[in-house]
Amino acid sequence: MQVLLTQYSRYLYDFLFSSSLKWTILAPAKTSNPLYMKNLLTLIAFLTVFLLPISSQNHFFDLSGQWNFQIDRLDIGIKEQWFKKMRFDDTINLPGSMPEKLKGDKVTVRTKWTGSLYDSSYYNNPYLEKYRIDGQVKLPFFLTPDRHYVGVAWYQKQINIPANWKGERILLFLERPHIETSVWVDNRKVGMQNSLSAPHVYDLTNYLKPGKTCSIAIRIDNRIKEINVGPDSHSITDQTQGNWNGIVGRLELQTTPKLHFDDIQIYPDLAGRKAEVRMKIISPTSHESKITLSAGSFNADRKDSIYPVTHTIVLHHGENDITLELPMGDHFLPWDEFNPVLYRLTAKLANGKQLDTRNVEFGMREFSIKGKWFYINGRKTMLRGTVENCDFPLTGYPPMDEASWERVFRICRQYGLNHMRFHSYCPPEAAFKAADRVGFYLQPEGPSWPNHGPKLGLGQPIDKYLMNETITMSKYYGNSPSFCMMACGNEPSGRWVEWVSQFVDYWKATDSRRVYTGASVGNSWQWQPHNQYHVKAGARGLTWKNEMPESSSDFRSRIDTVRQPYISHEMGQWCVFPDFNEIRKYTGVNKAKNFEIFRDILADNDMANEAHNFMMASGKLQALCYKNEIEKTLRTPDYAGFQMLSLNDYSGQGTALVGVLDVFFDEKGYIDADQFRRFCSPTVPLARIQKFVYTNDETFHADIEVAHFGQSPFKQAHTTYCIKDQYGKIYAHGLLSTKDIPIGNNIHLGSVDFRLNEITKPQRLNLEVRIIGTSAINDWNFWVYPAKETLNQGEIYTTDTLDSKALNVLQNGGNVLITAAGKIKYGKEVVQYFTPVFWNTSWFKMRPPHTTGIFVNNYHPLFREFPTDYYSDLQWWELLNKAQVMQFTSFPKGFRPTIQNIDTWFVSRKIGMLFEAKVLNGKLMMTSMDITSQPDKRIVARQMHKAILDYMNSDQFRPATRVTPEQIQELFTKVAGAVKNYTNESPDELRPKIIQ
């Protein structure tokens, strides 16, 4: 159904039903109320002055609904003049994409994807052959769409143009088509546009006749042609949203008077208590006109109305650039993350009976840089961000409605974030409006990852296209106060430094409402000397591969020579095992068939019932890594912020399960927002602790500080601490300090010293620090072991191999402990660090580490003397980091090691570091952990050794599984070899012959 609306009916509705009038104008019983009579007279004046003389109005004609549709697979439509057709072979409902409407091709192994395939094992691995069969195709490297099509498609519709549009300017508005559009009206070509970041708008005034029926034909081409933004750009790649064909968002005809506003940009001036309004006006003649500007806040508890100003101006034929000032008064309401107050500017352009009215939302905010820090309205702030990768599996494109984006931003706020970077794409208007209302600082980017094909600075079409895209972004979204930062895109190649330098120089001189960086880049990319700020890797990560965990270090040595604000690029990327319960959520255009493959692999390796345990245990380790990396960033002097990659999972590039939330921004179960906010929020207590493992003849020491980037300083804040065990027994507590806490970080609050001599058995303790009267609270686990321990060997025979004596002991019913650290062959190919897989082992071709932590049954009697949870916490570092694992492929079905390592989900080998079994007539326990060297220094290993011996000497040592000596011997002799990924050295490997 076609719906015809006028802009003035919208204004009148807002006027009548605003909160200040709805109980007076609409209540007949209150006609004697003076306020009622005043408002009624105001309404009459409004109708008389503004509505009655108007001959031209702004109309909106909704074009959503059924369109004629035809795929132009051979690209012959222009040659055969399909734009003259009155009917096509098919129909489609718009707005929408072809995949949404099940148009296009079913996916096969021959489908040509938009994106780099870094791991071609899918096309070659015999195990995956069953997923390459037509009709049964499942992809491991990203989600599998129901339909896929890259090429040309035509959309056509017959439209009756209202007769009262005569004399008006008529526009075709396509909010987000993908990618290139060409438009014909009644067989006449109007033009072609290509933008991935903003609406395609066509002026149809000279092509339409009001009162008549016309045919509009739209040709859409989503092929990568001369303009190549890069196949892995998140604006087009199948790794994320997908390379779809269609039109989403608003699809409508619009009218304006011939005299109209072409653009309005608002530049807040907080110091001057005014807003500078820059207008581009198109006038059909030279004449005098009147401009009236007014504004009012609309989303805050306290309303602020700005007195209208009217100016008479002389306009010339064509384009006119007009700048006027709107005084905001002494009590205007600024916009920031804590109080995201928005104003609505109403601009009226009048000449005789012609009137063009525009409403523009804006916020009074100033986002600036002083030294190495960002400032919002003069207050220092630290950016706590995530990267949004355009992963929206249900639709395959970013949401076009505010509600969906508001949900995303509010979830991010719950997790303590205040910032979002959009990786190589710009979101639609709805995202900016939602961020404006939530209070979120955005860094959209040009829609390009100019690498893997295109290069910047070499004169390729991408140079001009990317510049034009950012100009268009500023025009359409520049008034949003959330639009605080901008980059051209991600990790470019070519002569890119010179190009991005010119890019930054242009924007610094052109638009002061935001700050600019050339491109968001990794550590190996060159420095960009003209940047106002840097988004760069290099000052991120954890050093646990080579050093034991601590919380005393920071990143200052990596950024101390940088003069501009430094934001950590794509922090984290710590992986978690897949949650197969998530599969049922994929009810839209993309299906999680990659998860189905991983589930099959796990089941084929006899571990189907371990999936949830693996996800939860690896998730706890992932959260631990994020906690420590974020806290390390917060401890660093002059570190302006971070951008996680990312708060939610990334579905592509091999399947990168790096989020503590799934791709839908839902919790997975191992950490919630309250727990995450302890270490990621505006105010975070921090503890500098030299180590997390102690003996009971030592003193635990922690220096306490705070990173405080809240709304205002704290006055005489009380900071307290408490040390307790897992059952809540308090061992120490007290007041650290009472002091003012200014905005900033590295603010010392006191120290904690606690003698551990009263701890007589192995125990996990917890230090908790809170700032009374605020939500700021944080905590850290640490472990205490006896300084002296006696190992009870008993009747256990200990050896480092399955030698003849061990076999004899087992034959005679004895107990054998094999400590095989460094001697394992079957499992040697699995490289383990304490930290989990980075990004994923497919995208980086099995780059270590290969594991994502451990899963243990912490109720097992062995762990009574080795306190642990079911996952690897910091005390495990000494035993796990760089330790060998054993592979149990040939062990009996149902066998589970006591300490089970969680392998990369692309392989899911059954591996572990400690197991028990019945062998011959005896009982055996075997470990690949080093539990014997340097017992005086390696107290965790010593405690594990004691726990094993005491368990083996007890009557609870009752292994359930029988294993043969030959199966044990294989662990010392069998060689599995490295995982074959069939991939050349180049990350942009050409596809194998199977699909060429």
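**Overview of unusual backbone geometry**
- A cis amide bond links H178 with the next residue in sequence, I179, at an omega value of 5 degrees.
- Cis rather than trans, the peptide bond between P848 and P849 has omega equal to 5 degrees.
- If you trace the backbone, P849 turns up in the loop between strand 42 (815–819) and strand 43 (851–856).
- At D606, a residue that is not glycine, the phi angle is positive and equals roughly 65 degrees.
- With respect to the helices, strands and loops of the structure, D606 is situated in the loop between helix 9 (593–604) and helix 10 (611–635).
- Even without a glycine there, the phi angle at W839 is positive, about 65 degrees.
- Here W839 lies in the loop between strand 42 and strand 43.

**Topic: the sheet that holds strand 16 (residues 287–297)**
- Ordered in space as 17-16-19-20, the four strands form an open sheet in which the pairing is antiparallel. Of all the strands in the sheet, the pair left with one neighbour each is strand 17 (305–315) and strand 20 (354–362). In this sheet, neighbouring strand axes are inclined to one another by 15 degrees on average, regardless of whether the strands run parallel or antiparallel.
- Direction of pairing for strand 16 relative to strand 19 (residues 343–351): antiparallel, over a ladder of eight bridges. Paired with A295 across the two strands is L345, which belongs to strand 19.

**Looking at the sheet that holds strand 18 (residues 318–327)**
- Sheet architecture is open: three strands sit in the order 14-15-18, paired in antiparallel fashion. The sheet is open, and its two borders are formed by strand 14 (260–269) and strand 18, each paired with just one other strand. When strand polarity is set aside, the average angle formed by the axes of neighbouring strands in this sheet is 15 degrees.
- Of the strand pairs in this sheet, strand 15 (residues 274–283) and strand 18 are connected by ten bridges, and their pairing is antiparallel. Opposite R278, over in strand 18, you have T323 as the bridge partner.

**Notes on the pairing of strand 20**
- The sheet contact formed by strand 19 and strand 20 spans nine bridges and is antiparallel. For Y343, the partnering residue across the bridge sits in strand 20 and is F362.
- Joining the antiparallel neighbours strand 19 and strand 20 is a turn of two residues, in which G352 adopts a positive phi near 65 degrees.

**Digging into the environment of W67**
- Here W67 is to be found in strand 3 (residues 65–72).
- Sequence spacing of W67 and L326 is 259 residues, and the spatial spacing of their C-alpha atoms is 45 Å.
- Dropping the residues within four chain positions of it, W67 is found in contact with D90, T91, I92, L94, Y155, Q156, K157, I216, I218 and L251.
- Here the side chain of W67 touches L63 through a polar contact of 2.9 Å, landing on its backbone oxygen.

**Some words on the packing of helix 6 (residues 461–477) against helix 7 (residues 496–510)**
- Contact geometry for helix 6 and helix 7: axes closest at 12 Å, N-to-C directions at 25 degrees. Judged by the angle between their axes, helix 6 and helix 7 are roughly parallel. In this structure, helix 6 meets helix 7 at a crossing whose hand is right-handed. Across from D463, L466, M467, T470, I471 and S474 in helix 6, the residues of helix 7 making contact are W499, F503, Y506 and W507.
- Grouping the constituent residues of the contact of helix 6 with helix 7 by class yields seven nonpolar, two polar and one charged.

**Examining the packing of aromatic side chains**
- Summed over the entire model, instances satisfying the criterion amount to 59 aromatic pairs.
- Between the aromatic rings of F577 and F580, the centroid separation amounts to 6.0 Å while the plane-to-plane angle is 75 degrees, which identifies the pairing as edge-to-face.
- A relative accessible area of 1% places F577 in the buried class.
- Note on F700 and F782: the rings are 4.0 Å apart at their centroids and 10 degrees apart in plane angle, and the pair reads as stacked. Here F782 lies in strand 40 (residues 777–785) and F700 lies in strand 35 (residues 699–708), a separation of 82 residues in the sequence. Of the two residues examined, F700 and F782, each falls in the buried class.
- Joined through ring pairs, the aromatic side chains of F577, F580, Y586, F595, F598, F614, F664, W905 and F906 make up one cluster.
- Across from the ring centre of W82, 4.6 Å away, lies the NZ or CZ of K85, which sits over that ring.
- Of note, R344 hangs over the ring of F298, and the distance from its end group to the ring centre comes to 4.0 Å.

**Overview of the environment of D803**
- Mapped onto the secondary structure, D803 falls in the loop between strand 41 (797–799) and helix 12 (804–811).
- A polar contact is formed between the side chain of D803 and the side chain of Y797, at a distance of 2.8 Å.

**Concerning helix 6**
- Taking 1.5 Å per residue, 17 residues should reach 24 Å; helix 6 reaches 24 Å between its end C-alpha atoms and fits that length.
- Among the residues of helix 6, I462, D463, Y465, L466, M467, E469, T470, M473, S474 and Y477 are the ones counted as buried.
- On its buried side, helix 6 packs onto strand 8 (169–178), strand 10 (188–194), strand 14, helix 5 (429–438), strand 27 (485–486) and helix 7.

**What to know about empty space enclosed by the protein**
- Using the criterion set out here, one finds six cavities of 30 Å³ or more in the structure.
- Estimates place the volume of the largest cavity at around 210 Å³.
- Contributing to the lining of the largest cavity are 23 residues, with P145, D238, Q241, G242 and N590 lying nearest its centre.
- Partitioned by chemical class, the residues of the lining of the largest cavity number nine nonpolar, twelve polar and two charged.

Calculation notes
Residues numbered from 1 in each chain as written. Predicted model: local features only at pLDDT ≥ 70, side-chain atom pairs only at ≥ 80, totals over all residues. Heavy atoms only, no water. Helix = DSSP H or I, 4+ residues; strand = E, 2+ residues; numbered from the N terminus. Pairing = 2+ DSSP bridges. Axes fitted to C-alpha atoms, helices over the stretch in contact; angles between N-to-C directions. Contact = heavy atoms within 4.5 Å. Polar contact = N/O pair within 3.5 Å; in protein donor to acceptor, adjacent residues only side chain to side chain. Parallel < 35°, antiparallel > 145°, perpendicular 65-115°, else oblique. Left-handed = near helix turned anticlockwise from the far one by under 90°. Nonpolar A, V, L, I, M, F, W, Y, C, P; charged D, E, K, R; others polar. Phe/Tyr/Trp six-rings, centres within 6.5 Å; stacked < 30°, edge-to-face > 60°. Buried < 20%, exposed > 50% of the residue type's maximum accessible area, 1.4 Å probe, protein only. Lys NZ or Arg CZ within 6 Å of the ring centre and 35° of its normal. Expected span 1.5 Å × (residues − 1). 1 Å grid on protein atoms, 1.4 Å probe; cavity = no way out; pocket = protein on both sides within 12 Å on 5 of 7 lines; lining within 4 Å. Points joined across faces, edges and corners; volume = space filled by probe spheres on them.

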